[in-house]
Amino acid sequence: MWPARTDPETVTCVACGTCTDRETAREYDKYGNRWERDGKEFEYFCTVCHDDLCHHARTELEELLVDIDAGECSQLEFLSRYVATVEDRYGPLEER
């Protein structure tokens, strides 16, 4: 028999702040491995915000964010560093 769930019945969406039922929320593991559950606290998205997310692979993104000190500078500085680093690594950005 499965053990009883001890998760809270409602969770808060990390994108919009809306409280939603745990059963309808989408679990998010910022480390990218939601199956390795030991010792983790998961974040949650409501279904609307989850549907709005880009679901493409994040290859190299985490490393890039660390390299440009994301979270340690202003939004304007972050965006400037991000664009410069992406253009340096992958070439000029073009609108498609």
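Throughout, residues of each chain are indexed from 1 in the direction in which the sequence is written. Reporting of local features is limited, given that this is a predicted model, to residues whose pLDDT is at least 70; pairs of side-chain atoms are given and counted only at 80 or more, and all residues count toward the totals for whole chains, interfaces and linings. Side-chain descriptors were evaluated using all non-hydrogen atoms of the structure, hydrogens and water having been removed beforehand.

## Considerations on the overall build of the protein
Where we set the bar: What counts as a helix is a DSSP run of H or I of at least four residues, what counts as a strand is a run of E of at least two, and both are numbered from the N terminus. Only protein chains enter the calculation, and the probe is 1.4 Å; a residue is then buried if its accessible area is under 20% of its type maximum, exposed if over 50%, and partly exposed in between. In this description, contact between two residues means that some pair of their heavy atoms is separated by no more than 4.5 Å. Accessible surface area values rest on a Shrake-Rupley calculation with a 1.4 Å probe, where residue burial reflects the displayed protein chains alone.
The helix and strand inventory of the protein stands at three helices and four strands. Written out in order from the N terminus, the α and β elements of the protein read β-β-β-β-α-α-α. Classification of the 96 residues of the protein by burial places 18% in the buried group. Long-range contacts, defined as pairs at least 24 residues apart, comprise 31% of the intrachain contacts of the protein with a sequence gap of at least 6. A total accessible area of about 8300 Å² is found for the protein, and carbon and sulfur atoms account for 50% of it.

## Let's talk about the pattern of salt bridges
Our working rule: Every case where a carboxyl oxygen of Asp or Glu lies within 4 Å of a side-chain nitrogen of Lys or Arg is listed as a salt bridge.
Here the structure, examined in full by the defined rule, presents four salt bridges. The salt bridge involving Arg 22 is made with Glu 27; its shortest N-O contact spans 3.2 Å. For the pair Arg 22 and Glu 27, one class covers both residues: buried. Across the pair Arg 81 and Glu 77 runs a salt bridge whose closest N-O atoms are separated by 2.9 Å. With Arg 81 and Glu 77 both in helix H3 (residues 75-90), this residue pair falls four residues apart, about one helical turn. Linked through salt bridges whose partners overlap, the residues forming this network are Asp 69, Glu 77 and Arg 81.

## Things to note about the side chain of Thr 85
With respect to the secondary-structure elements, Thr 85 resides in helix H3. By relative accessible area, Thr 85 is classed as buried at 16%. With residues up to four places along the chain from it excluded, the contact list for Thr 85 reads Leu 64 and Ile 68.

## Quick notes on the packing of aromatic side chains
We describe a pair of aromatic rings using the distance from one ring centre to the other and the angle between the two ring planes. Note the threshold: Only the six-membered ring of Trp is used, alongside the rings of Phe and Tyr, when aromatic pairs are assigned; centres must lie within 6.5 Å, and planes under 30 degrees apart are stacked while those over 60 apart are edge-to-face, with the rest tilted.
The full count for this structure, using the stated rule, is two aromatic pairs. For the pair Tyr 28 and Phe 45, a centre-to-centre distance of 5.4 Å together with 75° between the ring planes defines the contact as edge-to-face. Placement of Tyr 28 in strand S3 (residues 26-28) and of Phe 45 in strand S4 (residues 43-45) is noted, with a sequence separation of 17 residues between them. Exposure remark for Phe 45: the relative accessible area of 8% places this residue in the buried category. Judged by centre distance (6.0 Å) and plane angle (35°), the ring pair of Phe 78 and Tyr 82 falls under tilted. Here Phe 78 pairs with Tyr 82, and both are found in helix H3, just four residues apart, close to one helical turn. Take Tyr 82: its relative accessible area is 31%, and that puts it in the partly exposed class.

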